[in-house]
Amino acid sequence: MAKTSLDSPLFERYQIQQFFDEMFDEGGQVRPPYLALAQRLSLLSPEEFARRQAAADLSFLRQGITFTVYGHDDATEKIFPYDLLPRVLSNSEWQEVERGLKQRITALNLFLGDIYDKGKILNDKQVPRELVYSCKHFRREMRGVKVPRGVYVSVVGSDLVRTDGGRFAVLEDNLRVPSGVSYMLTNRQIMKRVFPRLFRDYNVRPIDHYGQALLSTLRSLAPNDRPDPTVVLITPGVYNSAYFEHAFLARSMGIQLVEGRDLVVHDNLVYTKTTSGLRRVDVIYRRIDDDFLDPLAFRPDSMLGVAGLFNAYRHGNVTLANAIGTGVADDKAIYAYVPQMIKYYLGEEPLLENVETFLGWEPKQCQYILDNLDQLVVKAVGESGGYGMLIGPHSTASQRAEFAEKVKANPRNYIGQPTLKLSCAPCFTEGRVEPRHVDLRPYILNGREMTIVPGGLSRVALQRGSLVVNSSQGGGSKDTWVLHE
Amino acid sequence: MLSRVAESLYWMSRYLERAENTARLLDVHLNLNMELTAAAGKRRYEDVLGAMQVNFFEGQMPSPTDLTLDPLVPESISSCIGAARENARQIREQISSEMFEQINKLYLYIRSRPTQDRFAIEPNFVFGRVKDGVHLFAGITDSTMTHGQGWQWIRAGRYLERANLIAGLLLNHMRHLIDEAEGDPQHYSELLGLLKSCTAWEAYCKVHGAELTNLQVAEFLLLSREFPHSLHFSVNETAKSLEALAQVTGMTAQAHLESKVGRLLAQLRYTSINELFEQSPIQFFHKVRADMSDVNDRLYRVYFSQTFARAVSG
């Protein structure tokens, strides 16, 4: 562990770890994209910095930018912890990521279109048929359903990590209902307010057009190219953990935020109930999981969905974004086959790497997982949000024994990955700056064309040494700057 | 506009108006109570609670502290602001960010520990902050929100709630005052309290001077065309917003609700106070309350609960 070259009281506790550091190279020198930031920080006292951090926190609370934590009775509305120090990426670094993401999403989308149609990739034995059909997010009902422009995934939030040597790799694809983009946008607003001069001098690529890009993506998917389509966003309601985001996005797009009870289906057409009567809906940006969309087609106990919605969808009278059944392609076991998909459909080598993955489904690999529980991260394939996982090096013997039983009982449901050496970025904590692990979640929009706003949400594991960045597990976030250069 | 959104805007506004009214009523009462005898003070407090339509839980009369700070008492200021914020949260993309921030600030204020401590020492300070907060919200609403359908729902909610309260205040206080000797200092204080509960004292003085009689006070609170906390003014604003809503939604044929408000408005416009008091004024106050609750029910039938069958037949 080395000290940094930066002579600033803010950084007096900063130790460069054995992980890739976003701001400093191995010798403790500031990396070029961070130079101006470092200069500015060396002029700030820790007290002044703390004052600005407090101002930012208050701003979040005042605006009600909060999320709901499940499983607590009190104080369930929390602000998403925000770290004032931005993460900075050079434009060349970003362009590499952007190309890789476009390639990957194109392949994943072709994969979905294929398995819900002829299943060529399965016939050619590039992806095991059993693995696809045994996935709980595979929707039989979608066989033969045509989706506008063949677009299954229109909103994606891939999780990228930077490991040894600073290369980006994809950890998860998140093809169902990825969240967090509102934090990316509000982080930026608050950053501009708290450090206006620094921001202006830095030449950061803007992200404010996300709402407009999302709207034109959704409009481009209107059924039968209906002119001037009506787009709505459906939310599970005010008690959902991401409700703030749903409202935020509806407002930034200028569309209606609806709940299941605001919609009604008649003759396979979908309507909103308004004070002027019923009004037809063309495109639904849905923030509800497949299971809850339509009590007639999926879970009958769902109170969140709309009865008859699936039939209207199957008739091509309404577009759902994302399509139903996309979860099969972000199953953590199927994830392991994405490089094969890219080769199969595009004839290209993957630009972004996968993280090495052992499948419980394959007996040999399953044995490897069981033998190395103390080294690996073991995850349930269909879970998200950091739930249902074991981090081997940080686990106790009894936790490992418990997980071994689970894996043996249902090997298809588990995968193992080496414990990643996530990169670190400087974070302000307890009055000084210290390194913390971060990942990166860029947001990809896919309609008539593919759009990615530069950057994304950098999520931070705020506990020292922790590798879990999920907001539900005590993670925070940072603004992410991609420079013009 | 979504029916659910309209309903939330309407209730957000009603709850905020209610919070402000409760703050003012309690503020006036605590001030007046210092000079009333114990029995008169108790009677007056019961009247105030009656005007606010407070339910007694197991016969227990909630204290002014409960009615301000206790989130478990449904009529408390804290509950009303909480409910208003909850409604605002469900439609926050429909109102301006400035509006939500103001309502959120007010909510954080009333639920904070320092506010509770301050209330124990200086309740009128807290009441002042609540009233200011609601006024600020009204100002922010008028200057940051499009004066379209959503704004009309907010206006309808505010004035319907206000009309209901004014009728309630007159109903509860006047039923005693009407039989008491005018000119008695106690009686004078009660009338003064009634005026102040509607922020009407100064406005009244400009018209009638400091002389207070049952008839003149009632006339001012019922029939003044220009004073914003009179029944006439509130019903008139309600009628205007309902008319605008029927136009903008194209529901003119269904919106018979205006007729109810229109009839009441005509009565307020063309009846003199003497005529009202010759008949039974108490019965009249009861009728106003019933009318307001009827208008509320009809809003649900016409605007808030849409079904396919109704849309086709309508």
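Residues numbered from 1 in each chain as written. Chains lettered and ligands numbered in written order. Predicted model: local features only at pLDDT ≥ 70, side-chain atom pairs only at ≥ 80, totals over all residues. Heavy atoms only, no water.

**Points about the interface of chain A and chain B**
Item 1. Listed as interface residues are 27 residues of chain A and, on the opposing side, 28 residues of chain B.
Item 2. In total, about 2,600 Å² of surface goes out of reach between chain A and chain B, with carbon and sulfur atoms giving 51% of it.
Item 3. The tally of links from chain A across to chain B stands at two salt bridges.
Item 4. Viewed at the interface, chain B and chain A are joined by 14 residue pairs in polar contact (both at pLDDT 80 or more).
Item 5. Mapped onto the side of chain A that touches chain B, the elements with two or more residues apiece are α2 (46–62), α9 (243–253), β8 (256–258), β10 (269–274) and β11 (277–280) of chain A.
Item 6. For the side of chain A that touches chain B, the element with the highest residue contribution is α9(A), accounting for five residues.
Item 7. A per-class count over the side of chain A that touches chain B returns eleven nonpolar, nine polar and seven charged. (Contact = heavy atoms within 4.5 Å. Buried area = accessible area lost by both parts, 1.4 Å probe. Salt bridge = Lys/Arg side-chain N within 4 Å of Asp/Glu carboxyl O. Polar contact = N/O pair within 3.5 Å; in protein donor to acceptor, adjacent residues only side chain to side chain. Helix = DSSP H or I, 4+ residues; strand = E, 2+ residues; numbered from the N terminus. Nonpolar A, V, L, I, M, F, W, Y, C, P; charged D, E, K, R; others polar.)

**Structural notes on the sheet that holds strand β12 (residues 283–286) of chain A**
All names here are of chain A.
Item 1. Taken together, the four strands give an open sheet; going across it, the order is β8-β7-β12-β13, and neighbouring strands pair in parallel fashion. If you trace the sheet from one side to the other, it starts and ends with β8 and β13 (319–321), each paired once. Taking the axes of each pair of neighbouring strands and ignoring which way they run, one obtains an average angle of 30° across the sheet.
Item 2. Bridge analysis of strand β7 (residues 231–234) against β8 gives three bridges, and the strand direction is parallel. (Pairing = 2+ DSSP bridges. Axes fitted to C-alpha atoms, helices over the stretch in contact; angles between N-to-C directions.)

**A look at the sheet that holds strand β4 (residues 155–157) of chain A**
Residues and elements named next belong to chain A.
Item 1. A sheet is described by the order of its strands in space; here three strands give the open sequence β4-β21-β22, paired in antiparallel fashion. For this open sheet the edge positions go to β4 and β22 (450–452), each flanked by a neighbour on one side alone. Going across the sheet, the axis of each strand differs from the next one's by a mean of 20°, ignoring polarity.
Item 2. With three bridges connecting them, strand β21 (residues 443–446) and β22 associate as antiparallel partners. Residue Leu445 lies in a different strand from β22, and its bridge partner there is Thr451.
Item 3. Docked against the sheet, helix α3 (residues 91–115) engages β4, β21 and β22, running at close to 140° with respect to β22.

**Brief notes about unusual backbone geometry**
Where the residue is not glycine, phi is negative for most of them; where a peptide bond is considered, it is trans in most cases.
Residues and elements named next belong to chain A.
Item 1. Backbone torsion omega between Ala321 and Asn322 reads -5°, so that peptide bond is classified as cis.
Item 2. Along the chain, the position of Asn322 falls in the loop between β13 and α12 (338–346).
Item 3. You will see that Asn224, though not glycine, has its phi angle at about 50°, which is positive.
Item 4. Among the secondary structure elements, Asn224 is positioned in the loop between α8 (210–219) and β7.
Item 5. Take Asn224: its relative accessible area is 68%, and that puts it in the exposed class.
Item 6. Of note in the backbone geometry, Asn268 takes a positive phi value of approximately 60° without being a glycine.
Item 7. On the secondary structure map, Asn268 appears in the loop between β9 (263–266) and β10. (Buried < 20%, exposed > 50% of the residue type's maximum accessible area, 1.4 Å probe, protein only.)

**What to know about the pairing of β10(A)**
All names here are of chain A.
Item 1. Sheet topology places β9 next to β10; four bridges connect them, and they run antiparallel. Considered in β10, the bridge of Val265 is made with Val270.
Item 2. Where β9 hands over to β10, the hairpin turn is made up of two residues, of which Asp267 adopts a positive phi near 50°.
Item 3. Examined bridge by bridge, β10 and β11 share four bridges and lie antiparallel to one another. Within the sheet, the bridge partner assigned to Thr274 lies in β11 and is Gly277.
Item 4. Two successive antiparallel strands, β10 and β11, enclose a turn made up of two residues.

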